[in-house]
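Overview (structure and organization)
Chain by chain, the residues run as shown.
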Number of protein chains: 2
Amino acid sequence: MKVKPRLVKGTRDFLPEQVNKRKYILNTIQTVFKKFGFQEIETPAIELLETLTGKYGEEGDKLLFKILNSGDFLSKADDQHLQEKDSKAITASISEKGLRYDLTVPLARYVVQHQNELNFPFKRFHIGPVWRADRPQKGRYREFFQCDADIIGSTSLLNETELTLILAEAFEALGLSVKIQLNNRKILEGIIETVGVSEQYKEILIAIDKMDKIGEEGVTNELQNLQLTAEQITELFALFSITDLHALANSFKDKSAIGEEGCEEMTSILNKCSKKNVVFAPALARGLDYYTGTIWEVVVNDVAMGTIAAGGRYDNLTEMFGGQNMSGVGISFGIERIYDVLEELNQWPADITTSTKVLIINFGNEGENVGWQLLQSLRNSNIPSELFPDDAKLKKQMSYADKKNIPYVIFIGEEEIKTGKYSLKAMTTGEQNVLGLEELIEVLK
Amino acid sequence: MKVKPRLVKGTRDFLPEQVNKRKYILNTIQTVFKKFGFQEIETPAIELLETLTGKYGEEGDKLLFKILNSGDFLSKADDQHLQEKDSKAITASISEKGLRYDLTVPLARYVVQHQNELNFPFKRFHIGPVWRADRPQKGRYREFFQCDADIIGSTSLLNETELTLILAEAFEALGLSVKIQLNNRKILEGIIETVGVSEQYKEILIAIDKMDKIGEEGVTNELQNLQLTAEQITELFALFSITDLHALANSFKDKSAIGEEGCEEMTSILNKCSKKNVVFAPALARGLDYYTGTIWEVVVNDVAMGTIAAGGRYDNLTEMFGGQNMSGVGISFGIERIYDVLEELNQWPADITTSTKVLIINFGNEGENVGWQLLQSLRNSNIPSELFPDDAKLKKQMSYADKKNIPYVIFIGEEEIKTGKYSLKAMTTGEQNVLGLEELIEVLK
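Positions within a chain are numbered from 1, following the residues in the order the chain's sequence is written. Chain labels run from A onward and ligand labels from 1 onward, assigned in the order the entries are written. Two thresholds apply to this predicted model, a pLDDT of at least 70 for residue-level local features and 80 or more for giving and counting side-chain atom pairs, whereas whole-chain, interface and lining totals are computed over all residues. The basis for every side-chain value is the complete set of non-hydrogen atoms in the structure, without hydrogens or water.

With that settled, consider the overall build of chain A. When its secondary structure is counted, chain A shows 18 helices and 16 strands. If one aligns the C-alpha atoms of chain A with their principal axes, the spans along those axes are about 95 × 65 × 45 Å. Partly exposed describes any residue whose relative accessible area lies between the buried limit of under 20% and the exposed limit of over 50%, with all areas from a 1.4 Å probe on protein chains only and scaled to the type maximum. In chain A, which comprises 445 residues, the share counted as buried stands at 56%. Two residues form a contact once any of their heavy atoms are found within 4.5 Å. Contacts spanning at least 24 positions in sequence make up 68% of the contacts within chain A whose residues lie at least 6 apart. Only runs of H or I of at least four residues qualify as helices and only runs of E of at least two qualify as strands under DSSP, and these elements are numbered from the N terminus.

With respect to the helices, strands and loops of the structure, Ile417(A) is situated in helix H17 (residues 414–419). Sequence-wise, Ile417(A) and Arg140(A) are 277 residues apart; in three dimensions their C-alpha atoms are separated by 56 Å.

Residues and elements named next belong to chain A. For two strands to count as paired, DSSP must find a minimum of two bridges between them. Strand order in the open sheet made by the 8 strands is E1-E5-E6-E11-E10-E9-E7-E8, with mixed pairing throughout. The open sheet has two edge strands, strand E1 (39–40) and strand E8 (278–280), and neither has a second partner. Bridge count for strand E5 (residues 122–131) against strand E6 (residues 143–152) is 10 bridges, and the pairing is antiparallel. By the bridge assignment for E6, glycine 128 is matched with glutamine 146. Helix axes use the C-alpha atoms of the stretch in contact, all axes being lines fitted to C-alpha atoms, and the angles between their N-to-C directions lie in the range 0 to 180 degrees. Sheet strands touched by helix H1 (residues 16–35): E1, E5, E6 and strand E11 (328–333). Its angle to E6, the strand with the most contacts, is close to 5°. Contacts from helix H13 (residues 257–271) reach strand E7 (178–184), E8 and strand E9 (291–300), with the element oriented near 145° to E7.

Residues and elements named next belong to chain B. Strand order in the open sheet formed by 5 strands is E13-E12-E14-E15-E16, with mixed pairing between adjacent strands. Edge positions in the sheet fall to strand E13 (385–387) and strand E16 (432–435), since each has one partner strand and no second. This sheet shows a mean twist of 25° between the axes of neighbouring strands, independent of strand direction. Of the strand pairs in this sheet, strand E15 (residues 422–426) and E16 are connected by 4 bridges, and their pairing is antiparallel. Note on E16: the bridge partner recorded for leucine 424 is asparagine 433.

This paragraph deals with the interface of chain B and chain A. Tallying the contact residues gives 107 residues for chain B and 108 residues for chain A. Whenever Lys or Arg places a side-chain nitrogen within 4 Å of a carboxyl oxygen from Asp or Glu, that contact is recorded as a salt bridge. Across the chain B-chain A interface, the total number found is 16 salt bridges. Where Asp79(B) meets Lys85(A), a salt bridge forms, and the shortest distance between an N and an O atom there is 3.6 Å. Whenever two N or O atoms come within 3.5 Å, that pair is a polar contact, provided that in protein one can donate a hydrogen and the other can accept it, and provided that, for residues adjacent in sequence, both atoms are side-chain atoms. One can count 49 residue pairs in polar contact (both at pLDDT 80 or more) joining chain B with chain A.

Right, let's talk about the pattern of salt bridges for a bit. As enumerated under the stated definition, the model contains 50 salt bridges over all chains in all. As a salt-bridge pair, Glu265(A) and Lys186(A) come within 2.6 Å of each other at their nearest N and O atoms. Taken together, the residues span a long stretch of sequence, with Glu265(A) in helix H13 and Lys186(A) in helix H8 (residues 185–195) at a distance of 79 residues. Judged by its relative accessible area of 13%, Glu265(A) is buried. For Lys186(A), a relative accessible area of 15% corresponds to the buried category. One salt bridge in this structure joins Glu343(B) and Lys21(B), with 3.2 Å as the shortest N-O distance.

Time to look at helix H10 (residues 211–225) of chain B. All names here are of chain B. In this scheme, a helix's expected span is set at 1.5 Å multiplied by one less than its residue total. With 15 residues, H10 should reach 21 Å at 1.5 Å per residue; the first-to-last C-alpha distance of 16 Å falls well below that figure. Considering bend angle alone, the principal kink of H10 is centred on glutamate 217 and spans about 75°. Listed in full, the buried residues belonging to H10 are Gly218, Val219 and Leu223. Those residues of H10 that are buried are in contact with helix H9 (201–209) and helix H11 (230–240). Downstream of H10 by one or two residues, glutamine 227 has phi in the positive range, about 70°. Two axes enter the bend calculation: one fitted to the seven residues ending at the residue in question, the other to the seven starting there, and the bend is the angle between them.

Right, let's get into the domain arrangement of chain A. An automatic or database domain assignment supplies the start and end points of every domain. Entries for chain A in the domain assignment read domain 1 (16–64 + 101–345) and domain 2 (358–444). Relative to domain 2 of chain A, the C-alpha centre of domain 1 of chain A lies at a distance of 52 Å.

This paragraph deals with the packing of helix H15 (residues 365–380) of chain A against helix H18 (residues 437–444) of chain A. All names here are of chain A. For the pair H15 and H18, the least separation of the axes is 11 Å and the interaxial angle reads 50°. The orientation of H15 relative to H18 falls into the category oblique. The element H15 and its partner H18 pack so that their crossing is right-handed. For the pair formed by H15 and H18, the contact residues are Leu374, Ser377 and Leu378 on the first element and Leu437, Leu440, Ile441 and Leu444 on the second. Of the residues assigned to the contact of H15 with H18, the class counts are 6 nonpolar, 1 polar and no charged. Throughout this description, any angle smaller than 35 degrees is read as roughly parallel, any larger than 145 degrees as roughly antiparallel, any in the 65 to 115 degree range as roughly perpendicular, and the remainder as oblique. Crossings are classed by handedness, with left-handed meaning an anticlockwise turn of the near helix from the far one by less than a right angle and right-handed meaning a clockwise turn. By the convention adopted, Pro, Cys, Tyr, Trp, Phe, Met, Ile, Leu, Val and Ala count as nonpolar, Lys, Arg, Asp and Glu as charged, and the other residues, Gly among them, as polar.

Copy-to-copy superposition: least squares on the C-alpha atoms, limited to residues that have pLDDT of at least 70 in both copies. When chain B is fitted onto chain A, the two copies agree to an RMSD of 0.1 Å after a turn of 180° and an axial shift of 0.0 Å. Taken together, the rotation and translation relating the two chain copies correspond to the operation of a two-fold axis. Across chain B, the smallest distance between a C-alpha and the rotation axis is recorded for Ile67(B), namely 2.2 Å. Looking at the interface residues of chain B, 100% of them are also at the interface in chain A, so both copies use one shared face.

Here we take up the side chain of Lys97(A). Examined against the element boundaries, Lys97(A) turns out to sit in strand E4 (residues 95–99). Lacking a salt bridge, the buried Lys97(A) has Glu96(A) as its closest oppositely charged neighbour, with an N-O distance of 4.2 Å. When sequence neighbours within four positions are dropped, the list of residues in contact with Lys97(A) reads Ile46(A), Glu47(A), Leu48(A), Leu49(A), Phe65(A), Lys66(A), Ile67(A), Asn69(A), Val8(B) and Phe65(B). Charge counting treats Lys and Arg as positive and Asp and Glu as negative, with His and both chain ends excluded.

Quick look at the pairing of strand E14 (residues 408–411) of chain A now. All names here are of chain A. Alignment of strand E12 (residues 358–360) against E14, held across 3 bridges, turns out to be parallel. Bridging from a neighbouring strand, isoleucine 360 pairs with isoleucine 410 of E14. Bridge count for E14 against strand E15 (residues 422–426) is 4 bridges, and the pairing is antiparallel. Considered in E15, the bridge of phenylalanine 411 is made with serine 423.

A few words now on the packing of aromatic side chains. Any two rings among Phe, Tyr and Trp, with Trp reduced to its six-membered ring, count as a pair given centres within 6.5 Å; such a pair is stacked if its planes are under 30 degrees apart, edge-to-face if over 60, and tilted if neither. Enumeration over the complete set of coordinates arrives at 26 aromatic pairs over all chains. Ring centres of Tyr110(A) and Phe122(A) lie 6.3 Å apart, and the angle between their planes is 15°; this geometry places the pair in the stacked category. With Tyr110(A) in helix H6 (residues 104–113) and Phe122(A) in strand E5, the pair connects residues that are 12 residues apart, well separated along the chain. An angle of 70° between the planes, with centres 6.4 Å apart, marks the rings of Phe120(B) and Phe122(B) as edge-to-face.

Another aspect to go through is helix H18 (residues 437–444) of chain B. Residue and element names in this part refer to chain B. Within H18, burial applies to Leu440, Ile441 and Leu444. Within H18, the buried residues cover an arc of 95° as seen down the axis, which keeps them to one side. Exposed residues on H18 whose side chains face more than 90 degrees from its buried face are Glu438 and Glu442. On its buried side, H18 packs onto strand E12 (358–360), helix H15 (365–380), strand E14 (408–411), E15 and E16. This arc describes the spread of directions from the helix axis toward the C-beta atoms.

What follows is the structure, encoded as structure tokens:
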């Protein structure tokens, strides 16, 4: 049976050029991770549903890809549930595995499971695909890559500074101008406590977090709906606009010890990190994530793309797997968005699409044999090179070189065979030179 | 709810050292692929079941991991099938996606789907996980990596020689002594035709393929069961033992044109490839794979491991997706087995477990500040380095360096702070030197 070749909605094939570009991003970030002493780990794509379920909220649970048990999976299913066609109730009995939803829950499992083999503070990075049964839309995929670095088992603020420097160095290496915004959950708590509305901490946080989307007016509306007085709202906005840490700490004096602590932490981090593009952003909230201390959000200048990297400190990572409570702090690079930004700015290295350096044109017979020998010599000099496998029409062979962005082609005609020289043509300029083997290798190296 | 951290059976976590080792293998092979002009592609882990089903035989279909449809998946299920708890019949209505089983069927889909974007002959490599719902056992995993290189759209035998050289170069780069065995389906066909038992071609192939497992006696038994005469069996074995291509071609004369063709092909490939460890193996059959021409099987010397790489030419790759018939030829490296071999021989590069070059010991206070400045200088010189984030006990910090295989540590005590120098200790020899910044960088570079 012939089937039409199709992809699952929300998944993608990558052409060689796209793979090169993706690898360039990942390698650049990876190089920085390693320079900072992070080590790579891998975990399986498939996890037990008992590991995944309940970690991402009810919405998240719905977005888990679940794998059907093998064999006679219905045998364990409840008859009544089957009769009632109760999909939700039947799931647990016919599926016990799922695809990982992120790299964080697998990290938590990994750290508890391997705690005796790991070296703490454990500085790991992890790059790999994750899966979400989301409705696909522009820029949102069902299979996409995450790229995370975390430090587990150290509460030192040096870790925060390190991660900030990693963000700065990685984006610099990618040639992207970014703003690295930091805040601290303790500062948010301090502001809300200072205004005296701590009972509504969560709701206020959610409202503040929408600033980018609905503006100050929208947030004001939401705060009014939360029964905050005009005075309280004014005070909140005033505090959220103080970017001077000394001044903010003064506002907390005798009103919020946790706020003061947050200011101290933030000061300590920023003092060690004299990058111009690292800024304190007191209104940054990062939604309802599980963060408990410092939080990061990186936005790119010049392109409207939203957050392209983010992170934070969290205190209860390993608890869900019965591990002793270990503090963690980590960042995550939004690989897919970074790709889109670099694409929009066309900010790729010049040779990103080149792999083969030279194609030897195949005219068949003796030329092919000479070409084959030459090919071995070029490769012995570590020059990525090809001999076209068939003596196809010249036009076809040239088009092959062109499409593959191969910068040089070599012609071996009768004259070349006689003299033991080779005609080297540069594809972009059209310049052609007759060279001996040594000169040839020198040019191509 | 706390859950015990567990893995799905047959899947694995990788510790940093293991990831380094795996990456070393993959990078080594990849470097060779690129030198030969192969380009990397990626396809999604999830494919439509209509793409996967029916391509791997009935047994293979059973081993596909199937993904449960999202939402109210039972709504489309047939009532009677549900009532009868007919798992097999119900599957199609509750699951339309699965995890890829290999990288070959996705390649076929990819080539047809993107034929207008690809550059033929299309030389691609693909490295990634595949999934099989197999019974896990030693060395057999449900999630494992494949590493394939294929050339699509060229029947030239130069491609076969290229792939043979890739195998030779990759294993040489990995420091492994291997035997690269080649055969050709046409030679197998020729031998069987010459003996006059072509009607039983498939059955005889299956029997011959078991030589390694059941020996000549076992194969003889199987051939007897196929009603071959003693004479025919003797002739078969005689032909299968001729490793001289010229002599074999003579045996085919006037008896098997296809056999002669196979000998010609094999001669042409081997003539261009003067490696000592590349040998013609006339009894090599590679089971019932879809191969139609040259076949490869690579075994490692010195370790009993079976096949660690294999491949072949196949003629009908794209047909199943309605593409025009394109010939393909490819090889696949058995990454998991290569890992086990290197592990058994302990044949890893010396620095495989090292990532960080130097750890600055943290004694707190001013020492930490000086250490922090030093850290920036080291990293500016591209030396992977760390400052321990807490002023923990010296023993703990030293143990951290030791476990992480960090070759050097730096101490910054009062004396060092006063003189602006640093004590550098080599972890293996215990040798300690007091150095200025420039000397320090020189030693660590």
